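Residue-level listing of the chains:
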Amino acid sequence: MSSLNTEQKPEQINSKWFTDEIDVLFSKLSTSRLGLNENDAKKISIKHGKNIIHDGVKESIFKLLLEQFKNLLIVILIIAAGISALIDQPVEALAIIIIVLLAGVLGFVQEYQAEKAIDSLKKMAAHTATVIRNGIERVIPAEDLVQGDVVFIKAGDQIPADLRLIEVINLKTDEASLTGESTAVNKHAKSINTNKIPIGDQKNMVFMGTNVTYGKGVGVVVATGMNTEFGKIAMLLRDTENRKTPLQNNLNSLGKKIGIYAIIIAIIMSVLGFFQGYPILSMVIWGVAVAVAIIPEALPAVVTISIALGVRRMVKKKALIRKLPAVETLGATNIICTDKTGTLTQDEMTARLFYINNNVYEISGAGYSPNGTFSSKGSDVEPEKEINLKFVLELGALCCDTTLHKYDDGYKIVGDPTEGSIVVAAAKAGVDLSKHKQSDFNRIYEIPFSSETKRMTTVNLFNGEKKYVISKGALEVILKSCKLFLIKDEIIELNESLRKDILKVANDMGEKALRVLAIAFKPHFEDNYNNIENNLIFGGLIGMIDPPRPEVKLAIKKCESAGIKPIMITGDNEVTAVAIAKELGIMKYGKSISGNELEDLNEEEFDKVVEHTDVYARISPSHKLKIVNALMKKGNIVAMTGDGVNDAPALKKADIGVAMGIKGTDVSRDAADMILTDDNFASIVSAVEEGRSIFQNIRKYLVYLLGGNFGTVIGMMLALAFTLPIPLKAVQILFINFLMDGLIAIALGVEPTELGLMKNKPRNVKEGILNKDALKFIALVGVLIGLITMGVFSYALNIGLSDEKAETLFFATLIFSRLFNGLSCRSLVNPSMSMNPFNNIPLLSSILISVLFTYAVISFEIFREAFHTVKLTGVEWLLAIGCSIIVLISTEIYKYIKKIKTVTD
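What counts, and at which threshold
- Residues numbered from 1 in each chain as written.
- Predicted model: local features only at pLDDT ≥ 70, side-chain atom pairs only at ≥ 80, totals over all residues.
- Heavy atoms only, no water.
- Axes fitted to C-alpha atoms, helices over the stretch in contact; angles between N-to-C directions.
- Helix = DSSP H or I, 4+ residues; strand = E, 2+ residues; numbered from the N terminus.
- Parallel < 35°, antiparallel > 145°, perpendicular 65-115°, else oblique.
- Left-handed = near helix turned anticlockwise from the far one by under 90°.
- Contact = heavy atoms within 4.5 Å.
- Nonpolar A, V, L, I, M, F, W, Y, C, P; charged D, E, K, R; others polar.
- Phe/Tyr/Trp six-rings, centres within 6.5 Å; stacked < 30°, edge-to-face > 60°.
- Buried < 20%, exposed > 50% of the residue type's maximum accessible area, 1.4 Å probe, protein only.
- Lys NZ or Arg CZ within 6 Å of the ring centre and 35° of its normal.
- Polar contact = N/O pair within 3.5 Å; in protein donor to acceptor, adjacent residues only side chain to side chain.
- 1 Å grid on protein atoms, 1.4 Å probe; cavity = no way out; pocket = protein on both sides within 12 Å on 5 of 7 lines; lining within 4 Å.
- Points joined across faces, edges and corners; volume = space filled by probe spheres on them.
- Pairing = 2+ DSSP bridges.
- Salt bridge = Lys/Arg side-chain N within 4 Å of Asp/Glu carboxyl O.

(A) Inspection of the packing of helix H12 (residues 389–398) against helix H13 (residues 417–428) at higher detail. Packing of H12 against H13 brings their axes to within 9 Å, and their N-to-C directions diverge by 140°. By the angle class used here, H12 and H13 are oblique. The interaxial crossing formed by H12 with H13 has left-handed handedness. On H13, the residues that touch Leu-393, Gly-396 and Ala-397 of H12 are Ile-422, Ala-425 and Ala-426. Of the residues belonging to the contact of H12 with H13, the class tally is 5 nonpolar, 1 polar and no charged.

Structural data, given as structure tokens:
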């Protein structure tokens, strides 16, 4: 499906699905409420293709190869080769053409690999959909959806295909991206008896790429891929150009500046050479070669590969980068604002305590297995014999969307872990969860949970007799809605004394790091659903624990040494949040603030405390935005996690928006720069480390290349200044450029993460990629290489060696000096000789290839004429290598002194 020509389009049986009754719809699509079976789905997929919006026609491989030769300097070089042939220098002309071709092929390979890496990342970022296949609810990649699939959607989801709705509960969708209508659209599942109706009025349809803002529903896939409404629009937009990342643009700008300086230097040196008696045509060719040697033309490709490969490494560490510029920002992050549940904790909620009848019950068992016992005051009890215990737990389970399933490898839940703990507790109490799917337990009405309301309310039939309003949520919210209290066989007034008792029990649970949820209910006798959340009967409390992830403690310690401050932001109560924060090491010296306290602080007051707060509890998504704004205003680089629809503004505002891959909504994932595929805080820290490493590798590449190029220019300028022969021919300059700007530079771009990288403070984003330390290193290396090569060249001439021999020695010394510089640039801080040489096999391989190529062009007669070299003796080889190693020794001493100075400072 990679080419437009081979694209298959699903056959559309009917484009007016909104007119069909549901049974007719099922018949036309050969499906049912239980969905398709897996075999039928595969057949439909093979026949009609994947549910994807195709990109525009990609550049052909041949065109990509030709692009490498559009560079102005490359074109000038090809012309120069033609001039060389005309002035009777065919061997040099051929050598120039070969090197230009090799450089072009190398550039093509770099760009092709970068494109493939980025394409694979796009596939990893694909959305998922919840469907029924073989009668079982499961999550599949959205691209595997086919016509006839039955799909579940809820608030926060992005619609994965065009669906005809068959069930809805208070469903609203945002269709602004498709219709331009800014207000959410109310949806229903009834057929529409008209043949002509605009998309915006098709209230029983939802469309690919739009978002669910409220409620939930079930729909049947009626169109996929390019046959969806979005697909039709995409046909008009498919040839849009890919934009470069800001980092690439910045580096391209740097490359252009270097290019201007290179051309100026090349012109000056060519003019000097001409006035020293060299032919003008030779000097033109030579000047172009000098300019090519100075300009890091492989910079964009090396940067793209470094980022793409780094991003692929992040994927292995469970962090998927959606926007490449985020990689640059990651390395500078100094604050991580993180959710608690599932990110710092294991997201396997287990009920531990239950409060009912003014009595506390303990529940045993771990995870989602429905095996466990109840006890009270140290003695086992039978839930069915405890008045109201099983009843209230059953009410709680009815007010949950989460279901419990038994698989070959054990029990698992489909849905929210918090709800999962209630469902499992009900099963432990003997509640038959399977009967809840029967008509006797139908859910008649629902007010879905939201971060603002902190509760979920349903109206259910109970045993086909009574209708009950059931509400579960945060204690302070539920308690405000209750006027009565269920105790034993009676319902009494919920007085202040009882309220204090309830709050004390909840506080005790919180101090044990338990998350507390309240359950309330009331019989419902009305036909309408107005004010159903008022005047409730308090049923009980359930205390559940989500234990911290064991790897998070280590990640928090790593943050501390790396100068990164983790901040917990949670909807949980303050007592529970602080208990977990202290256990993990997040809260040491700072303070905690609740959502209510945050509301009472004005901007000026909040600015004073924001950097001294470690925990925010009972926080809503709007508070997250306030926190991000305050932290960023103080110059911090902030990463913010989120999973809900309303988290999207904070994720967009943060320097790095981090969405949850497992429990996150499509809206939050679309707003984020990075997605955690395991929802784990430790993965954020790993990604920050990888981001630092990528940035460091790009800096190493630039320092290595510019230092070497600077040294080459200094060596040649010194020769011209002292009216010595020009030490390098044009073809030799191009040969060195091919080795250094290609093989070695790419190998440095894939250097593994340095040890101790997370013991440094985050970099200052204002200092740029070439900071003062990098510029000092470039200057040191450039001067060293220039003096060493010029020293060897001058020595060779002084002892009477021929110009050709001296030039060959300059050529060999320059190459070895730059190779030793490559080893030194493995780290700009730590002694490179202390690093494991086998950690970067590509660099060792590139150095070996460069040495063999250099030996070949100096030692074999077939190459010597082309490259204007003469054979060196063993002593002369030792002279070139021995003097070159001074570069490595000097830079290692420089790093050692700098490290000692840093420690003493």
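(B) Spotlight on the packing of aromatic side chains. If you walk through the whole model with that rule in mind, you get 15 aromatic pairs. A ring pair is formed by Phe-735 and Phe-811, whose centres lie 5.8 Å apart and whose planes are at 45°; its orientation type is tilted. Taken together, the residues Phe-735 in helix H24 (residues 730–749) and Phe-811 in helix H26 (residues 803–824) connect sequence positions 76 residues apart. Each member of the pair, Phe-735 as well as Phe-811, is classed as buried. Each ring, one from Phe-816 and one from Trp-877, has its centre 6.2 Å from the other, and the planes form 85°; the classification is edge-to-face. One end of the pair, Phe-816, is in helix H26; the other, Trp-877, is in helix H29 (residues 874–904), and 61 residues separate them in sequence. For the pair Phe-816 and Trp-877, a shared accessibility class is recorded, and that class is buried. Grouping aromatic residues by their ring pairs yields a cluster made of Phe-391, Phe-462, Tyr-468 and Phe-521. Between Lys-412 and the ring centre of Tyr-407, over which it is positioned, the NZ or CZ distance is 5.9 Å. Residue placement shows Lys-626 over the ring face of Phe-606; its charged tip is 5.7 Å from the ring centre.

(C) Focus on the side chain of Asp-673. Relative to the helices and strands, Asp-673 is located in the loop between helix H22 (666–671) and strand S28 (674–676). For Asp-673, a relative accessible area of 13% puts it in the buried group. Among the polar contacts listed, one links the side chain of Asp-673 to the backbone nitrogen of Gly-657, at a separation of 2.7 Å. Setting aside its immediate chain neighbours within four residues, Asp-673 contacts Leu-320, Ile-321, Arg-322, Lys-323, Ala-326, Leu-651, Ala-654, Asp-655, Ile-656 and Gly-657.

(D) Just the layout of surface pockets, in detail. Its volume calculated, the second largest pocket comes out at about 870 Å³. The wall of the second largest pocket is formed by 29 residues, among which Gln-696, Asn-760, Asp-773, Val-829 and Lys-898 lie closest to the centre. Secondary structure elements with two or more residues in the lining of the second largest pocket: helix H23 (681–721), helix H25 (772–798) and H29. A per-element tally of the lining of the second largest pocket places H29 first, with 6 residues. Split by residue class, the lining of the second largest pocket holds 10 nonpolar, 8 polar and 11 charged.

(E) Broad picture of the packing of H25 against H26. In the contact formed by H25 and H26, the axes pass within 9 Å of each other and the chain directions differ by 155°. Overall, the two elements H25 and H26 adopt an arrangement that is roughly antiparallel. Considering how the two elements wind past one another, H25 and H26 form a crossing that is right-handed. Contacts between H25 and H26 pair Phe-777, Val-781, Ile-785, Ile-788, Thr-789, Met-790, Val-792, Phe-793, Ala-796 and Leu-797 from the former with Asp-803, Ala-806, Glu-807, Leu-809, Phe-810, Thr-813, Leu-814, Ser-817, Arg-818, Asn-821 and Ser-824 from the latter. When its residues are assigned to classes, the contact of H25 with H26 shows 13 nonpolar, 5 polar and 3 charged.

(F) Layout of the sheet that holds strand S26 (residues 638–642). Read across the sheet, 8 strands follow the order S8-S28-S27-S26-S9-S23-S25-S24 without closing on themselves; strand pairing throughout is mixed. Each edge of the open sheet carries a strand with a single partner, namely strand S8 (319–321) and strand S24 (591–594). The sheet shows a mean angle of 20° between the axes of neighbouring strands, direction not considered. Alignment of strand S27 (residues 656–660) against S28, held across 3 bridges, turns out to be parallel. Along S28, the bridge assignment pairs Ala-659 with Ile-675. Strands in contact with helix H17 (residues 574–584) are strand S23 (565–569), S24 and strand S25 (613–617); relative to S25, the strand with the most contacts, it is inclined by about 140°. Those strands touched by helix H20 (residues 621–633) are strand S9 (335–338), S23, S25 and S26, and its axis lies near 170° from that of S26.

(G) Looking closely at the pattern of salt bridges. According to the stated counting rule, one finds 31 salt bridges in the structure shown. Across the pair Arg-138 and Glu-38 runs a salt bridge, and its minimum N-O distance is 2.6 Å. Of the two residues, Arg-138 is situated in strand S2 (residues 136–141) and Glu-38 in helix H2 (residues 38–48); the sequence distance between them amounts to 100 residues. One connected set of salt bridges, linked through shared partners, spans Glu-38, Arg-133, Arg-138 and Asp-149.

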